[in-house]
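Residue-level listing of the chains:
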Amino acid sequence: MLSRTRISIWFFIGLSLLVNGGLILAAGLYELPNPPQHPVILFNLHASIWWGGLLFLLGIFYSYHFTPTRTGDKQPSKPLAPGGDTHAQC
Amino acid sequence: MRAITAVYAATTLVHLSPVDIAIVVFYFALVLAIGLYLKGRTQTGEDFFLAGREMSAWIAGLSFLSANLGSLELMGWAAAAYQYGILATHWYWIGAIPAMLFLGLVMMPFYYISKTHSVPGYLKLRFGEPSRALAAISFAFMTVLMSGINMYSMALVMKVVLGWNINFSIWVSSLTVAVYVALGGLRSAIFNEVLQFVLIWAGALLIPILGLIDAGGWTALQVRIAHNASAEFTHLWSTLGSFSNNPMGIHWTGIVFGLGWVISFGYWTTDFLVVQRVLAAKDLRAAKMAPIIGAAFKMMVPFIVILPGLLALAVLPVKLTGETAALASGGHSYNEVLPLMLARYCGPGLLGLGITALMAGFMSGMAGNVSAFTTVWTYDIYRALIRRNANDKHYVDMGRWCTVLGVLISVGTAYLVMQFASIMDYVQALFATFIAPLFGTVLLGMLWKRTTSAGGFWGLLVGTLSSIAMWGWVKMDPSALRYVALSPHARFMAEDMYRALWSWMVCVVVTVIVSYSTKPPAVAELTGLVYGVTPLPSEAHVAIYKRPAFWAVVIALVFVALNVIFW
């Protein structure tokens, strides 16, 4: 019987935080040497850098921790009967 | 990219950079990818309509809350906070927390043990087919209309904030929701709702943090609001002694009994849109914990919704007004408060995440409406009234087609609302009061074994009709508000509260009278459905810190403390 790995919702969330955090962090770092002509209020706090960095780090953690191959939870390719192995990954 | 820039007008509230657009596009790609991936895991009716009943308490709890966070929730209540002050918080605290805890501790065992697919399905088990048909048809009709109203609201926001063409916003968002829900069913809706929940917090949390720094802290914020608006704007309860002493024109009895009891309990315990998420829990303990986890997060939502509205009162250099005045003067309306705060603090990237958070909120609400509509249509209308004995695959196919159909009807409603804006007010007012009699019926059905099938049906029908009659009375004769809402100073929000209270009371009285006039049901028929004749699993062997009741008490204490602090 063929099997494929289940992907956890937390992996998708990690991926989202990783990409979004990375883009925000990169935009914040770009603005350091190239400050905008019309900066937002409290630009001096560089929220893009610390908020983007935080999301990026959380993204790394969740993406790695819930990587499908790492969690190693398999399910058969055929549909499970009701009441079968239904608890994993959710 | 050319297609995107083609619909991007020059006069907008905020301007998206390429990084922002990349974040928005990535979000749409990810939700579609999740739907495609989950299609392979959605084969049976149990998979499609109840997500295989395999969700943990956390997933079910976050999804339960996220389905409610959609539509006008983020923008509308931030605007209400600007307009009415901290009183808007009542819709998050007394208007939600007690009901969510009650659902988890008292009502969830009966929903879950009865193995019903839906709230109308529970009514079928308890009261028979007529009650189910009445509740299912009303719910399906209202839900699909609400979905269209939400869709139109989102498109309007995107037009105001980003300058996007209104047709483009409606079709892109609705087709995206249709694809991922039709592919993966409730499981896909739940997965995306949890993702959307995280994005909402990631995108919206910076505004209150930076806003508080900008305003100089909470105490300085109170002083500035007292100067710019009124000191009453930062008090939850102390101004509710009279209808005329607070900006909302409401009395504490309306908040406690109308909102805190009937509307809140009706919505959180019987609206299938939210209850469906909890029915997908993997076991009874998870089903009981899910609303309690949802309550913990619900209590924190004012931080990202109400506080930005209050902060705007203190820090924005412009004065916001109602829609009509804003259109006439070319200024900004209350509904633009959240995008204005977003534009004030968020640069490239953060702005894209904030806009994604708004879209995620709208789409999670839309998906919630569509998946609930699909289940009620397929199980409680189509299977019960049209085709009883088809195989499981037929009902899954029907669910998939119904998802697409539901979205198309919603799109039609969105265009209808565009032509006749007053429809929005009508449907929202009726929806708010329809759930009040339903709550009376379900509550008596679960807790009072003497309730009969006839009592349940007639109580629900007369309660609903009384609600519609009161609404029509005030529409035809606005001075009737003094009778419905007990004061000539009452405003439209107070009217909803009291109409809900009266219609619930009508439902309960009619149910009790008819039940005593008819033959009581046999106890054997009530097992698994009614308190007192249903054996509930003991939790004596479970550690105290793992018991739902323990966490419910913790949350109740925090709820009381918050109300006292902001009294």
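Residues numbered from 1 in each chain as written. Chains lettered and ligands numbered in written order. Predicted model: local features only at pLDDT ≥ 70, side-chain atom pairs only at ≥ 80, totals over all residues.

Focus: the overall build of chain B
Right, so step 1: Secondary structure assignment for chain B yields 24 helices and zero strands.
Right, so step 2: The C-alpha atoms of chain B give a radius of gyration of 23 Å, which matches the 24 Å a tight globule of 567 residues would have.
Right, so step 3: C-alpha extents for chain B along the principal axes are approximately 65 × 55 × 55 Å.
Right, so step 4: Across the 567 residues in chain B, those meeting the buried criterion constitute 58%. (Helix = DSSP H or I, 4+ residues; strand = E, 2+ residues; numbered from the N terminus. Rg over C-alpha atoms; globule rule 2.2 N^0.38 Å. Buried ≥ 20, exposed ≤ 12 C-beta atoms within 10 Å, placed from the backbone.)

Quick word on the overall build of chain A
Right, so step 1: A tally of regular secondary structure across chain A gives three helices and two strands.
Right, so step 2: Evaluated residue by residue, chain A yields a buried proportion of 33% over its 90 residues.
Right, so step 3: Here the analysis covers contacts within chain A between residues at least 6 apart in sequence; of these, 87% occur between residues at least 24 apart. (Contact = placed C-beta atoms within 7 Å.)

Thoughts on the interface of chain B and chain A
Right, so step 1: Listed per partner, the contact involves 35 residues of chain B and 28 residues of chain A.
Right, so step 2: Elements supplying a minimum of two residues to the side of chain B that touches chain A: helix 2 (18-39), helix 9 (166-204), helix 10 (206-215), helix 17 (337-345) and helix 18 (350-386) of chain B.
Right, so step 3: Broken down by element, the side of chain B that touches chain A gets its largest block of residues, seven residues, from helix 2 of chain B.

A word on the confidence of the model for chain A
Residue and element names in this part refer to chain A.
Right, so step 1: Residue-level pLDDT values for chain A average 78, and 72% of them are 70 or greater.
Right, so step 2: Of all secondary-structure elements in chain A, the lowest mean pLDDT belongs to strand 2 (residues 74-76), at 47, while helix 2 (residues 47-65) reaches the highest, 95.
Right, so step 3: Between residues 74-90, whose pLDDT stays under 50, and residues either more than four places distant or in other chains, the model counts 32 contacts. (pLDDT = per-residue confidence, 0-100.)

A word on the nonpolar core
Residue and element names in this part refer to chain B.
Right, so step 1: Core analysis: the biggest nonpolar cluster contains 218 residues, and Ala60, Ala78 and Ala290 have the highest contact counts within it.
Right, so step 2: Here this core gets 19 residues from one element, more than from any other, and that element is helix 9.
Right, so step 3: Dropping the residues within four chain positions of it, alanine 60 is found in contact with Met55, Arg277, Val278, Ala280, Ala281, Ala286 and Ala290. (Core = buried A, V, L, I, M, F, W, Y, C linked by C-beta atoms within 7 Å.)

Details of the packing of helix 8 (residues 129-162) of chain B against helix 19 (residues 392-419) of chain B
Residues and elements named next belong to chain B.
Right, so step 1: At a minimum axis separation of 7 Å, helix 8 and helix 19 run at an interaxial angle of 60°. Comparing the axis directions of helix 8 and helix 19 gives the class oblique. Crossing handedness for the pair helix 8 and helix 19: right-handed. Together, Val144, Leu145, Ser147, Gly148, Ile149, Met151, Tyr152 and Ala155 of helix 8 and Gly406, Ile409, Ser410, Val411, Gly412, Thr413, Ala414, Val417 and Met418 of helix 19 make up the contact between the two elements.
Right, so step 2: Its residues assigned to classes, the contact of helix 8 with helix 19 comprises 11 nonpolar, six polar and no charged. (Axes fitted to C-alpha atoms, helices over the stretch in contact; angles between N-to-C directions. Parallel < 35°, antiparallel > 145°, perpendicular 65-115°, else oblique. Left-handed = near helix turned anticlockwise from the far one by under 90°. Nonpolar A, V, L, I, M, F, W, Y, C, P; charged D, E, K, R; others polar.)

Concerning the environment of methionine 75 of chain B
Right, so step 1: Within the secondary structure layout, methionine 75 of chain B lies in helix 5 (residues 73-84).
Right, so step 2: On a C-alpha basis, the gap between methionine 75 of chain B and phenylalanine 373 of chain B in space is 24 Å, while along the polypeptide they are 298 residues apart.

Observations concerning the packing of helix 9 of chain B against helix 19 of chain B
Residue and element names in this part refer to chain B.
Right, so step 1: Orientation of helix 9 relative to helix 19, taken along the N-to-C sense of each, is 160°, at an axis distance of 8 Å. In terms of their interaxial angle, helix 9 and helix 19 are classed as roughly antiparallel. Read as a crossing pair, helix 9 and helix 19 show a hand that is right-handed. Facing Ile170, Ser174, Val177, Ala178, Val181, Ala182 and Gly185 of helix 9, the residues of helix 19 in contact are Gly399, Arg400, Thr403, Val404, Val407, Ser410, Val411 and Ala414.

Focus on the confidence of the model for chain B
All names here are of chain B.
Right, so step 1: Here chain B averages 86 in pLDDT, while 95% of its residues score no lower than 70.
Right, so step 2: At the low end of the mean pLDDT range in chain B sits helix 1 (residues 2-6), at 39; at the high end sits helix 24 (residues 548-565), at 95.
Right, so step 3: This stretch, residues 1-10, has a pLDDT under 50; its non-local contacts, to residues over four places away or in other chains, come to eight contacts.
Right, so step 4: Complex prediction metrics read pTM 0.86 and ipTM 0.84.

Thoughts on unusual backbone geometry
Right, so step 1: Phi at leucine 42 of chain A takes a positive value of approximately 65°, unusual for a residue other than glycine.
Right, so step 2: As for its placement among the helices and strands, leucine 42 of chain A is situated in the loop between helix 1 (9-31) and helix 2.
Right, so step 3: Leucine 42 of chain A gets classed as partly exposed once you count the C-beta atoms within 10 Å, which come to 16.
Right, so step 4: Even without being glycine, lysine 115 of chain B reaches a positive phi, approximately 60°.

What about the environment of aspartate 20 of chain B?
Residues and elements named next belong to chain B.
Right, so step 1: Here aspartate 20 lies in helix 2.
Right, so step 2: Judged by local crowding, aspartate 20 falls into the buried class, with 26 C-beta atoms found within 10 Å.
Right, so step 3: What aspartate 20 contacts, discounting residues up to four positions off in sequence, is Pro348, Gly349, Leu351, Gly352 and Ile355.

Brief notes about helix 17 of chain B
The periodicity of an α-helix, 3.6 residues per turn, causes residues three or four positions apart to be oriented the same way.
Residues and elements named next belong to chain B.
Right, so step 1: The buried fraction of helix 17 is high, at seven of nine residues.
Right, so step 2: Listed in full, the buried residues belonging to helix 17 are Val337, Leu338, Pro339, Met341, Leu342, Arg344 and Tyr345.
Right, so step 3: In this structure, the buried residues of helix 17 make contact with helix 5, helix 8, helix 10, helix 15 (302-315) and helix 18.

Focus: helix 8 of chain B
All names here are of chain B.
Right, so step 1: For helix 8, with 34 residues, the first-to-last C-alpha span of 48 Å sits near the 50 Å given by 1.5 Å per residue.
Right, so step 2: The element helix 8 is extensively covered by neighbouring structure, given that 25 of its 34 residues are classed as buried.
Right, so step 3: Glycine 163 sits one or two positions beyond helix 8 and adopts a positive phi of about 80°. (Expected span 1.5 Å × (residues − 1).)

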